[in-house]
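Listed below, chain by chain, are the residues.
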Amino acid sequence: MGTFKSIESFKSNEEFQPWYYFFDFGKKDYDESKDGWRKAKEEIDKKIEENLASFIFGRLFYSFEASGLGFATIKKDNFLNQKANEIEFHQKYYRK
């Protein structure tokens, strides 16, 4: 899982297991039968989101846009409205 020691292993039944223990690679998803899978998922997902945000919006020289790979946009649909409502963020701040 890269160089992040914090997500290299997770506790399951009082023992630490490597990150891949919590995956069912046949289903391409987390293995919900493993103790501790939810905590592993939360930590791994958080680190993925942090890395993607850093890649897209990070330092200008190394950003997604500066590298010529594209530019970040927000799709205006129900999903955006739902998430904005969850955090009580009014549409007038993100709709034009």
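Look up a bit, the structure's there.
Residues numbered from 1 in each chain as written. Predicted model: local features only at pLDDT ≥ 70, side-chain atom pairs only at ≥ 80, totals over all residues. Heavy atoms only, no water.

S.K.: Where do I start with the environment of Ile44 in this structure?
M.R.: Along the chain, Ile44 turns up in helix α1 (residues 37-57). A relative accessible area of 1% means that Ile44 is categorised as buried. Residues Ile44 and Ser6 lie 38 residues apart in sequence; the distance between their C-alpha atoms is 9.3 Å. (Helix = DSSP H or I, 4+ residues; strand = E, 2+ residues; numbered from the N terminus. Buried < 20%, exposed > 50% of the residue type's maximum accessible area, 1.4 Å probe, protein only.)

S.K.: Which parts of the structure should I look at to understand the pairing of strand β1 (residues 9-12)?
M.R.: The side chains of a regular strand alternate between both faces of the sheet. Burial along β1 is one-sided: the residues Phe10 and Ser12 are buried and none of Ser9 and Lys11 is. As paired elements, β1 and strand β2 (residues 15-18) share four bridges and run antiparallel to each other. Within β2, the position partnered with Ser9 by the bridge is Pro18. Where β1 folds back on β2, the antiparallel hairpin that results is connected by two residues, among which Asn13 adopts a positive phi of roughly 50 degrees. (Pairing = 2+ DSSP bridges.)

S.K.: Can you walk me through the packing of aromatic side chains in this structure?
M.R.: One pair of aromatic rings is described through two measures. These are the centre distance and the angle between the planes. Within this structure, the stated rule accounts for seven aromatic pairs. Ring geometry for Trp19 and Phe23: centres 5.7 Å apart, planes at 80 degrees, overall edge-to-face. Among the residues examined, Trp19 registers a relative accessible area of 22% and is labelled partly exposed. Ring plane angle 90 degrees and centroid distance 5.1 Å describe the contact between Tyr21 and Phe22, whose orientation is recorded as edge-to-face. A relative accessible area of 0% means that Phe22 is categorised as buried. Among the aromatic residues, those joined into a ring-pair cluster are Trp19, Tyr20, Phe23, Phe25, Tyr30 and Trp37. In this arrangement the basic side chain of Lys34 is found over the ring face of Tyr21, its NZ or CZ atom lying 4.1 Å from the centre. (Phe/Tyr/Trp six-rings, centres within 6.5 Å; stacked < 30°, edge-to-face > 60°. Lys NZ or Arg CZ within 6 Å of the ring centre and 35° of its normal.)

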